[in-house]
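Commentary on secondary and tertiary structure
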Amino acid sequence: MKYRLSFALVGAALLGLNAAPAAAQTYPTKNVTVIVPYPAGGSVDGVARILAQRLTDTMGHSFIVENRAGGFGGIVGANYVAKAAPDGYTIMLTASIHVVTPFLQKAVPYDVVKDFTPISLVASGPLLVSTTPKVPANTLKEFFDLVRKNPDKYTFATSSFGSAGHLAIELLKRDAGVNTLVIPYKGANPALTDLMGGDIQPMADPMLSSLPLAKAGNIKALAVTSLKRVAIAPEIPTVAESGMTGFEFSSWYGLWGPKNLPPEIVTRLQAEITKMAQQPDVKARFETLGFEAIGSTPEYFAKYISDEMSRYDKIIKDANIKAE
């Protein structure tokens, strides 16, 4: 029997941001559509619905989540936003895989930097490293010791090609000095089903879907990929505590608009998101999903995107991952 290791998900050019206060105060004058380029029920959808509800409560009009799933990395929904009018009434909440897309797909109908306006980094959270309970290892170090002794017995799995979990797997493999096959699934649910059946180790969404299974004993949690232990599961050690000093990897979520989104609208949305991230009830809701609420400036988010893309490019090249 083969076991697969799982990671469960626990710079753009901007216009000058000299806001026009009067214009900012009039936005929005009608309902706003928040595109989520994934099906309902996953981690991206969960973050979007928290955000949309709070913006609805504070901005005077409804922010309505619309799921437009399809294509690698949410290409269908992202393309819809890239082609939308830059008026602030069509925006997108999506995950870090959005900026991984050009590294792993040969044909993308938009530029992930030039065709979007970054508004704010919204949330971030670590991944959960887990295994089927049948694996005779209780720590990540013990697991990799098993892999080194019998490498042909083990494979790694991820819920989707190019996801944060996939890249984290490749990074962990590199740092652990192991070279095992990674098998992508088409979604977290089928991978989790196999995992609970004791056959393999998949990758699921961030801790939202996998942590309850770990707490119930259906899967075995080995480590989290944050530098510090997480508040909702303080009993789970970090990857760094397992011998890989300084290891850190997260899945993150941001808000974008189409390119040329007016600066006053960017400023208005960013200000509300920053306020939202500071509210205790919002922080608590994000924490239940395994995330930290964040409200960044557009400039910070643009720089963050640039830095993350450089990091992903190196991981992909080091692992020799080929575009599909």
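Scoring rules and cut-offs
Residues numbered from 1 in each chain as written. Predicted model: local features only at pLDDT ≥ 70, side-chain atom pairs only at ≥ 80, totals over all residues. Heavy atoms only, no water. Salt bridge = Lys/Arg side-chain N within 4 Å of Asp/Glu carboxyl O. Pairing = 2+ DSSP bridges. Helix = DSSP H or I, 4+ residues; strand = E, 2+ residues; numbered from the N terminus. Buried < 20%, exposed > 50% of the residue type's maximum accessible area, 1.4 Å probe, protein only. Arc of directions from axis to C-beta. Core = buried A, V, L, I, M, F, W, Y, C linked by side-chain atoms within 4.5 Å. Axes fitted to C-alpha atoms, helices over the stretch in contact; angles between N-to-C directions. Parallel < 35°, antiparallel > 145°, perpendicular 65-115°, else oblique. Left-handed = near helix turned anticlockwise from the far one by under 90°. Contact = heavy atoms within 4.5 Å. Nonpolar A, V, L, I, M, F, W, Y, C, P; charged D, E, K, R; others polar. Polar contact = N/O pair within 3.5 Å; in protein donor to acceptor, adjacent residues only side chain to side chain. pLDDT = per-residue confidence, 0-100.

Description of the pattern of salt bridges
Oppositely charged side chains are able to pair whenever their charged atoms sit close together. For the coordinates displayed, the defined rule picks out 16 salt bridges. Taken together, the shared-partner salt bridges connect Arg174, Asp175, Lys314 and Asp318 into one network.

Some points on the sheet that holds strand β11 (residues 292–293)
Within the open sheet, the six strands sit side by side as β3-β2-β4-β10-β5-β11. Their pairing is mixed. Each having just a single partner strand, β3 (63–67) and β11 make up the two edges of the open sheet. By the bridge criterion, three bridges tie strand β2 (residues 32–36) to strand β4 (residues 90–95) in an arrangement that is parallel. The residue bridging threonine 33 from the neighbouring strand is threonine 90, located in β4.

Considerations on helix α5 (residues 140–149)
For α5, the set of buried residues is Leu140, Phe143, Phe144 and Val147. Down the axis of α5, the buried side of the element spans an arc of 95 degrees, and every buried residue falls inside it. Facing away from the buried surface of α5 by more than 90 degrees, the exposed residues are Lys141 and Lys149.

Some points on the nonpolar core
Counting 53 residues, the largest nonpolar core has Phe143, Phe144, Phe249 and Trp252 as the members making the most contacts within it. Among the nonpolar cores identified, the runner-up in size contains 35 residues, and Val32, Ile50, Tyr253 and Ala293 belong to it.

Let's talk about the packing of helix α4 (residues 97–104) against helix α11 (residues 298–318)
Relative orientation of the contacting elements α4 and α11 amounts to 45 degrees, with a least axis distance of 10 Å. Overall, the two elements α4 and α11 adopt an arrangement that is oblique. Handedness of the crossing formed by α4 with α11: right-handed. Judged by residue contacts, Val99, Val100, Pro102, Phe103 and Leu104 of α4 engage Ile305, Met309, Tyr312, Asp313 and Ile316 from α11. Within the contact of α4 with α11, the residues separate by chemical class into nine nonpolar, no polar and one charged.

Notes on α4
Along α4, six of the eight residues are buried, which leaves the element largely enclosed by surrounding structure. Along α4, the positions that sit buried rather than exposed are Ile97, His98, Val99, Val100, Thr101 and Leu104. Buried-residue contacts for α4 involve α3 (75–82), β4, β5 (116–126), α6 (164–176), β10 (250–258) and α11.

Description of unusual backbone geometry
The linkage connecting tyrosine 27 with the following residue, proline 28, adopts the cis geometry, with an omega of 0 degrees. The phi dihedral of asparagine 260 falls on the positive side, at around 65 degrees, and the residue is not glycine. For asparagine 260, the position within the fold is in the loop between β10 and α9 (263–277). Its identity as a non-glycine residue notwithstanding, asparagine 320 has a phi of 55 degrees, on the positive side. Positionally, asparagine 320 belongs in the segment after α11.

Points about the side chain of glutamine 270
One can find glutamine 270 in helix α9. For glutamine 270, a relative accessible area of 14% translates into the label buried. Not counting chain neighbours up to four residues away, the residues in contact with glutamine 270 comprise Ile119, Ser120, Ser296, Thr297 and Pro298.

Overview of the side chain of glutamate 272
Here glutamate 272 shows up in helix α9. A polar contact of 3.2 Å, which involves the side chain of glutamate 272, links it to the side chain of threonine 58.

Structural notes on the confidence of the model for the chain
Summing up the model confidence of the chain, the mean pLDDT is 86 and the portion of residues at 70 or higher is 88%. Segment residues 7–22 is flagged for pLDDT under 50; beyond a separation of four residues in sequence, or across chains, it makes 68 contacts in the model.

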